[in-house]
Amino acid sequence: MTASLDTHPDFLQARAWLQAAQRVAVLTGAGMSAESGIPTFRDAQTGLWARFDPAELATEDGFRAQPELVWNWYAERRAAMAHVEPNAGHYAIAAYQQRHPGRLTVITQNVDGLHQKAGSTDALALHGNIFQDRWLDLCFHARHSGRVCAPARAQPDSPPRCPDCGNLLRPDVVWFGESLPPETLHAADQAAQRCDLMLVVGTSGEVYPAAGLAHQARRAGAKVVIVNPHASDLDSIAHLVLRGTAAQTLPTLLCD
Ligand code: OAD
């Protein structure tokens with residue numbers, strides 16, 4: 001972070017609100033992981049995938065139409081993410097949680113698992129986790145016997161297939177047009193309603209219902225502070241906008 005930011009009146013005001021807050025919610029997007037080397041979601045696709053549109057691949061219809069292509073796209077993203085480490089911003093959030101148990105809730109749109117890898121507990125992963133899989137369809141046996149086939153028994157393939165009922169595995173992430181996991185979204189709603197301060201870090205604020213959590217926090221009376229080097233769709237509802245990056249801003253903002 002530039003030396004001028006942590007002496008800027010807005011930064012000092014944000015720190016004062018943070019220190020006074022009993023409950024803090026942090027809503028993060030792809031910019032949170034940019035300094036870990038993961039391109040933000042709307043960066044141009046690179047290499048082999050440059051000719052594909054993520055909005056086409058990251059859909060159930062896209063997977064059903066081209067299961068091997070979509071599975072391999074996720075396999076490549078998983079492999080790229082497997083060796084990625086959290087950045088100073090992730091660690092600052094996790095350290096704050098450890099110093100102030102129960103006071104800060106992480107709500108993330110990211111599927112990279114970096115908040116969890118940095119030590120954040122109970123992160124609410126609104127859009128799932130790219131390293132987990134689930135069945136594409138309701139398992140045949142679950143309809144007739146209540147027993148669901150074990151994903152671990154799926155035959156290795158692209159995508160893996162259940163040997164008993166032929167069901168396909170799919171990445172356990174939220175695709176375009178799909179609902180968010182209800183329990184996770186409910187917990188995020190609660191956190192947004194109850195917090196005194198919401199930090200909105202590294203999101204364009206373009207995708208709902210995730211972006212709506214910032215509106216909810218504002219309506220419920222929380223202070224809303226954005227950390228983003230560029231303008232976002234949520235700037236207009238923020239009380240303060242800190243023009244800095246996650247890894248440069250959060251360690252100083254969150255230190256006691
Ligand atoms: P975007 O790629 O839309 O926005 C990334 C934001 O991070 C932008 O506002 C950047 O200015 C900001 N940014 C970039 N580098 C940063 C840094 N070092 N520190 C802080 N901010 C930085 O990503 P999201 O807003 O996360 O949904 O996209 C939201 C959702 O859209 C994704 O979760 C995905 C996509 O559809 C699903 O996968 C369901």
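Report on the accompanying structure.

## Considering the overall build of the chain
Broken down by element type, the chain carries ten helices and eight strands. Scaling as 2.2 N^0.38, a compact globule of 256 residues should have a C-alpha radius of gyration of about 18 Å, and the chain matches this with 20 Å. Structurally, the chain occupies a C-alpha span of about 60 × 40 × 30 Å along its principal axes. Looking at the chain as a whole, 49% of its 256 residues are labelled buried. Across the chain, contacts joining residues at least 24 apart in sequence account for 67% of those joining residues at least 6 apart.

## Some thoughts on the nonpolar core
One broad rule of soluble globular proteins: the nonpolar side chains tend to lie buried together. By size, the foremost hydrophobic cluster in this structure holds 26 residues, and its most contacted members are Leu199 and Leu250. Those elements that provide at least two residues to this core are helix H1 (9-20), strand S1 (24-28), helix H5 (88-99), strand S2 (104-108), strand S6 (197-201), strand S7 (223-227), strand S8 (240-242) and helix H10 (246-253). By residue number, the principal contributor to this core is H1, which donates four residues. Every residue in contact with leucine 250, bar those within four places of it in the chain, is listed here: Met32, Gly89, Ala92, Ile93, Leu199, Val201, Val227 and Thr245.

## Here we look at H5
Taking 1.5 Å of rise per residue, the twelve residues of H5 would be expected to cover 16 Å, and the 16 Å separating its terminal C-alpha atoms lies within 8% of that figure. Within H5 the residues assigned to the buried category are Gly89, His90, Ala92, Ile93, Ala94, Tyr96 and Gln97. Sitting at the head of H5, asparagine 87 places a side-chain oxygen 2.8 Å from the backbone nitrogen of glycine 89.

## Looking at the pattern of salt bridges
For the structure shown, the criterion picks out nine salt bridges. We note a salt bridge from arginine 134 to aspartate 172, for which the minimum N-O separation is 3.0 Å. Here the residue arginine 134 occupies a position in strand S4 (residues 128-135), and aspartate 172 occupies one in strand S5 (residues 169-173), the gap between them amounting to 38 residues. In this structure arginine 134 comes out as partly exposed when scored by relative accessible area, which is 33%. Of the residues examined, aspartate 172 reaches a relative accessible area of 23% and is grouped as partly exposed. Arginine 243 is the salt-bridge partner of aspartate 235, the closest N and O atoms lying 2.5 Å from each other.

## Structural notes on unusual backbone geometry
Following serine 158, the chain continues into proline 159 via a peptide bond in cis, with omega recorded as 0°. Its location among the elements puts proline 159 in the loop between helix H7 (140-144) and S5. Residue tyrosine 208 is joined to proline 209 through a cis peptide bond whose omega torsion reads 5°. In this structure, proline 209 sits in the loop between S6 and helix H9 (212-219). Positive phi, close to 55°, is recorded for aspartate 122, a residue that is not glycine. As for its position among the elements, aspartate 122 is in the loop between helix H6 (114-117) and strand S3 (124-125). Aspartate 122 gets classed as exposed once you look at its relative accessible area, which sits at 67%.

Calculation notes
Residues numbered from 1 in each chain as written. Predicted model: local features only at pLDDT ≥ 70, side-chain atom pairs only at ≥ 80, totals over all residues. Heavy atoms only, no water. Helix = DSSP H or I, 4+ residues; strand = E, 2+ residues; numbered from the N terminus. Rg over C-alpha atoms; globule rule 2.2 N^0.38 Å. Buried < 20%, exposed > 50% of the residue type's maximum accessible area, 1.4 Å probe, protein only. Contact = heavy atoms within 4.5 Å. Core = buried A, V, L, I, M, F, W, Y, C linked by side-chain atoms within 4.5 Å. Expected span 1.5 Å × (residues − 1). Polar contact = N/O pair within 3.5 Å; in protein donor to acceptor, adjacent residues only side chain to side chain. Salt bridge = Lys/Arg side-chain N within 4 Å of Asp/Glu carboxyl O.

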